[in-house]
Amino acid sequence: MNLERIDEVVKNQRSLNQSKSNFSLKERLSLLDKLEKSLLKYEKEINEALYEDLRKCHFEAQISEFLFVLNELRSAKKHLKKWMKRKSVKTPLIYFPAKSYILSEPYGSVLIISPWNYPFQLLISPLIGALAAGNRVVVKPSEVSASTSKVISKIISETFDESTVYCVEGGVEETTRLLDNRFDYIFYTGNGHVARIIMEKASKNLTPLTLELGGKSPCFIFGAQKIDLVAKRIVSGKFFNAGQTCIAPDYILVEDKHYEELVNKLEKYILKFFGKNAQKSSSYGRIINERHFDRIVELIESEELLYGGESDKDDLYISPSIISAKKDSHIMKDEIFGPLLPIIKMQNLKEAIDFVSEGEKPLANYIFSEDKKIVEVILDRVSSGGVTINDTLMHIANENLPFGGVGESGMGAYHGKSSFDLFSHKKSVFASSSSFDPPFKYPPYFGKMRLLRWLLKFFG
Ligand code: NAD
């Protein structure tokens, strides 16, 4: 990629924002329409690219990438008129007859940088929000998922004029060049190390940003009764995309009495979902590349394996695996981001809560319990980006729930209307009237304080 070209396009997008009116409702709907048509046209190629990059099976690719995004797009089109409406707010009587309202204004030029694990969804979903909010956008797909990056680039260049949406393919060099340019908003999804680089770059121009990061998302199993169902739901969430999901359950904290039964049931569902040899299952994905494969295999070698542990480097295959862990095990240090599921026995709920609270705030928290009091205690004591109770992953599926992290797992949240709000500056407008001009607010102020206090008391 020609780096000078990047500067040229970004500067052009910014200068158009300064010299032209914001995109109207009609224009935004037309951009979303065009995007929808292109996505439908390239559906097959998108699925094929996801298969090439991650061996993502058709079902997973559809529900977590293609249909997910299509649903988001259609919902934005349906609600955009309402979302764009100015929002009237109350004005204290003392300012009568003034009016007050909030306008949703596009930031201007938005940069979206996305990762490789859901390479289509994590780029197109924020793009929908940014376009709905009226911005011009530059997108940078992950170079690690090269096939999907190529399809995205083709879709963007065929669908949009580069002054509206532009796709930059590439890695560190291209991203660094992009970040040396000035944007009005940056949206980054990926790891915390790169997030720090991006935040530092953004600080030069005080550019606001959203960081969608990861972390170690726990499963609490306390006061649960249906261990069979618990195991089924954990296995389905953990091994989706071969464990390479930002909100995958990272590890399990289970009360002593359910430990044995839980391990047996987890094994039962791994077998039921993926068969004796998951490598032959058409429902099981692969590790993205050799670097991540080596990292995950190394983790297995240092732990006490209860189930699985097979791998094949030529095929980038690692089997669904269960590990018996302790609070200070090596596997408990960083986000696993692979198909290894550590289980830690806990003496009581307090020990489990203290353990999670002492670490960094996770992106997701999973609470399996039939006891409402236990659920409330965990909700109160454990901070996390989001929570699903008695299941895994599901809070991401409801677009009415803002999705994002807190602390080390990120900042800012999107999906549905939250995406529109995230990519809009909320401009406060106070519209005064020229028909009435009370004299008490003007100098000289002498003797007006008592009147002001009185007015504030009764009309403020
Ligand atoms: P990645 O390696 O694809 O990197 C993400 C993006 O950062 C890419 O576009 C890449 O080109 C860019 N990048 C890499 N190094 C850079 C540098 N030095 N300077 C500038 N840009 C750079 O993906 P990753 O970071 O390995 O993604 C996995 C992580 O993302 C996990 O921690 C996961 O939990 C997290 N994640 C979070 C979410 C979420 O929604 N919160 C979703 C998916 C993944």
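Note that the coordinates shown come from a computational prediction; the quantities given were computed from them, not determined experimentally.

An ideal rise of 1.5 Å per residue puts 16 Å on twelve residues; helix H8 (residues 192-203) measures up with 16 Å between its terminal C-alpha atoms. When we look at burial in H8, the residues that qualify are Gly192, Ala195, Ile198 and Ala202. Here the buried residues of H8 occupy an arc of 110 degrees about the axis, which is enough to place them on one side. The exposed residues of H8 that point more than 90 degrees off its buried face are His193 and Glu200. The inward-facing, buried residues of H8 contact strand S3 (109-113), helix H7 (172-180), strand S6 (185-189) and strand S7 (209-212). Backbone nitrogen of His193 and a side-chain oxygen of the N-cap are separated by 3.0 Å at the start of H8; the cap is Asn191.

Right, let's talk about the sheet that holds strand S18 (residues 410-411) for a bit. Strand order in this open sheet of six strands is S5-S4-S3-S6-S7-S18, and the pairing throughout is mixed. Looking at which strands have only one partner, the edges of the open sheet turn out to be strand S5 (165-167) and S18. Contacts from helix H5 (residues 121-132) reach S3, strand S4 (136-140), S5 and S6, with the element oriented near 170 degrees to S4.

Turning next to the environment of Gly243. Among the structural elements, Gly243 can be located in the loop between helix H9 (227-238) and strand S9 (251-255). Relative accessible area serves as the criterion here: at 2%, Gly243 is assigned to the buried category. A sequence separation of 96 residues divides Gly243 from Pro339, and the C-alpha atoms of the two residues are 4.4 Å apart. Contacts of Gly243, omitting those with residues within four sequence positions, involve Lys238, Ala248, Phe337, Gly338 and Pro339.

Quick look at the domain arrangement of the protein chain now. Per the domain assignment, the segments of the protein chain are domain 1 (3-213 + 411-425) and domain 2 (218-404). Just the C-alpha atoms count here: the centres of domain 1 and domain 2 sit 30 Å apart. Summing both partners gives a buried area of about 2000 Å² for domain 1 against domain 2, and 54% of it is carried by carbon and sulfur. Of all residues in domain 1, the largest losses of buried area upon contact with domain 2 belong to Arg55, Glu60 and Trp116, amounting jointly to 28% of the total for that side.

Nonpolar side chains tend to gather and get buried jointly when the protein is soluble and globular. In this structure, Leu39, Leu127, Phe220, Ile221, Ile252, Leu262 and Leu266 are the most contacted members of the largest nonpolar core, which totals 111 residues. With nine residues, helix H4 (residues 58-84) is the largest single contributor of residues to this core. Inspection of this core shows a minimum of three residues originating in each of domain 1 (3-213 + 411-425) and domain 2 (218-404). Excluding residues within four positions of it along the chain, Ile252 makes contact with Cys219, Ile221, Ile234, Leu262, Leu266, Leu341, Pro342, Ile343 and Ile344. Counting 20 residues, the second-largest nonpolar core is a separate cluster that includes Leu3, Val9, Val168 and Leu179.

Further remarks concern helix H11 (residues 290-301). A rise of 1.5 Å per residue sets the reference length of H11, with its twelve residues, at 16 Å; its end C-alpha atoms lie 16 Å apart and thus fit the reference within 8%. Buried within H11 are the following residues: His292, Phe293, Ile296, Val297, Leu299 and Ile300. Along the axis of H11, the buried residues cluster in a sector spanning 150 degrees; they form a single face. Of the exposed residues in H11, the ones pointing more than 90 degrees away from its buried face are Arg291, Glu298 and Glu301. Summarising the contacts, the buried residues of H11 are in contact with strand S10 (304-307), strand S11 (311-312), strand S12 (317-318) and strand S14 (340-346).

Among the secondary structure elements, Leu341 is positioned in strand S14. It is 6.1 Å that separates the C-alpha atoms of Leu341 and Ser321, two residues lying 20 residues apart in sequence. Excluding anything up to four places from it in sequence, Leu341 contacts Ile234, Lys238, Phe239, Pro249, Asp250, Tyr251, Ile252, Leu266, Ser321, Ile322 and Ile323.

A separate point is the packing of helix H2 (residues 25-41) against H4. As a packed pair, H2 and H4 sit with axes 11 Å apart at the nearest point and diverge in direction by 170 degrees. Of the possible angle classes, the one that applies to H2 and H4 is roughly antiparallel. When you trace H2 past H4, the crossing you get is left-handed. Of the residues in H4, those touching H2 at Leu25, Arg28, Leu29, Leu32, Asp33, Leu35, Glu36, Leu39 and Leu40 are Phe66, Val69, Leu70, Leu73, Arg74, Ala76, Lys77, Leu80, Lys81 and Met84. Considering only residue class, the contact of H2 with H4 consists of 13 nonpolar, no polar and six charged.

Cut-offs applied
- Position numbers for residues count from 1 along each chain, tracking the sequence in the order it is written.
- Side-chain atom pairs in this predicted model are given and counted only at pLDDT of 80 or more, local residue features only at pLDDT of at least 70, and totals for whole chains, interfaces and linings cover all residues.
- In computing side-chain properties, one takes all heavy atoms of the structure into account and sets aside hydrogens as well as water.
- Counting from the N terminus, the helices are DSSP H or I runs at least four residues long and the strands are E runs at least two residues long.
- The length a helix should cover is 1.5 Å for every residue beyond the first.
- Exposure categories follow from relative accessible area, calculated using a 1.4 Å probe and restricted to protein chains: below 20% of the type maximum is buried, above 50% is exposed, and the middle band is partly exposed.
- Working note: the arc is built from the helix axis to C-beta atom directions.
- Two residues qualify as a contact provided that any one of their heavy atoms is within 4.5 Å of a heavy atom in the partner residue.
- Counting of polar contacts relies on pairs of N or O atoms within 3.5 Å, with two restrictions inside protein: one atom must be capable of donating a hydrogen and the other of accepting it, and residues adjacent in sequence are counted only when both atoms are side-chain atoms.
- In this description, strands pair whenever DSSP reports at least two bridges between them.
- Lines fitted to the C-alpha atoms define the axes, with helices restricted to the stretch that makes contact. Angles between their N-to-C directions range from 0 to 180 degrees.
- What fixes the domain bounds is an automatic or database domain assignment.
- The term buried area means the drop in 1.4 Å probe accessible area that two parts suffer when joined, counted for both and summed.
- Only buried residues count toward a nonpolar core. Its members are Ala, Val, Leu, Ile, Met, Phe, Trp, Tyr and Cys residues joined through side-chain atoms within 4.5 Å.
- Throughout, the term roughly parallel applies to angles under 35 degrees, roughly antiparallel to angles over 145, roughly perpendicular to angles from 65 to 115, and oblique to all others.
- Here a crossing is called left-handed whenever its near helix is offset anticlockwise from the far helix by less than a right angle, and right-handed whenever the offset is clockwise.
- Residues are grouped as follows: nonpolar covers Ala, Val, Leu, Ile, Met, Phe, Trp, Tyr, Cys and Pro; charged covers Asp, Glu, Lys and Arg; every other residue, Gly included, is treated as polar.

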